[in-house]
Amino acid sequence: MSKTEIIAELPHLSPEDLAEIQSKLDELNGDCWQDQGELTNADKSTLDASLAAYEKDPHAGTPWDQAKARIQSKLRS
């Protein structure tokens, strides 16, 4: 099975199957997640700037359902 076929099949899997796949990927990646999810100062600054922009104009962005649909359509092509 090719990588393209595997990726195309992912949306059809159950949450349990996806969790199992994620677990295996984490195992294969080993130590690449050593930071335990901690944010860098640059990450924090980016989030602070995004929050400030949202607070200034909460309607400026794209609603999640529209953004998700756009992402999913790109993944299918």
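For clarity, every value in this text was computed on a predicted model and none was experimentally measured.

Criteria and cut-off values
Residues numbered from 1 in each chain as written. Predicted model: local features only at pLDDT ≥ 70, side-chain atom pairs only at ≥ 80, totals over all residues. Heavy atoms only, no water. Helix = DSSP H or I, 4+ residues; strand = E, 2+ residues; numbered from the N terminus. Rg over C-alpha atoms; globule rule 2.2 N^0.38 Å. 1 Å grid on protein atoms, 1.4 Å probe; cavity = no way out; pocket = protein on both sides within 12 Å on 5 of 7 lines; lining within 4 Å. Points joined across faces, edges and corners; volume = space filled by probe spheres on them. Salt bridge = Lys/Arg side-chain N within 4 Å of Asp/Glu carboxyl O. Buried < 20%, exposed > 50% of the residue type's maximum accessible area, 1.4 Å probe, protein only. Patch = residues over 30% accessible without salt bridge, like charges linked within 9 Å, V, L, I, M, F, W, Y side chains within 5 Å. Areas by Shrake-Rupley, 256 points an atom, 1.4 Å probe, with all protein chains shown as cover. pLDDT = per-residue confidence, 0-100.

Please provide a residue-by-residue account of the overall build of the chain, values included.
In terms of helices and strands, the chain carries 4 helices and 0 strands. If you list the helices and strands of the chain from N to C, you get α-α-α-α. Over its C-alpha atoms the chain spans a radius of gyration of 17 Å, topping by over 25% the 11 Å that the globule rule assigns to 77 residues. Taking the principal axes of its C-alpha atoms as reference, the chain extends roughly 45 × 35 × 20 Å.

If you had to explain the layout of surface pockets to someone new, which residues and values would you point to?
By volume, the largest pocket amounts to about 200 Å³. Looking at the largest pocket, the residues that line it are Ile7, Ala8, Leu10, Pro11, Leu18, Gln72, Leu75 and Arg76. Contributions of two or more residues to the lining of the largest pocket are made by helix H1 (3-9) and helix H4 (64-76).

If you had to explain the pattern of salt bridges to someone new, which residues and values would you point to?
Inspection of the entire model under this criterion finds 1 salt bridge. Glu27 is the partner of Lys24 in a salt bridge, and the nearest nitrogen-oxygen pair spans 3.2 Å. With Lys24 and Glu27 both in helix H2 (residues 15-29) and 3 residues apart, this pair spans about one turn of that helix. Residue Lys24 is classed as partly exposed on the basis of its relative accessible area, which comes to 41%. Residue class for Glu27 comes out exposed when judged on its relative accessible area of 55%.

Hey, could you go over a nonpolar patch on the surface for me, with residue numbers and the actual values?
On the surface, a nonpolar cluster with roughly 340 Å² of combined accessible area is contributed by Leu18, Ile21, Leu25 and Leu28. Within the secondary structure layout, Ile21 lies in helix H2. Take Ile21: its relative accessible area is 33%, and that puts it in the partly exposed class.

Before we move on, can you summarise the confidence of the model for the chain with the specific residues and values?
Mean pLDDT over the chain works out to 87, with 92% of the residues at or above the 70 mark. In the model of the chain, H2 stands out as the element of lowest mean pLDDT, 87, in contrast to helix H3 (residues 41-56), which has the highest, 93.

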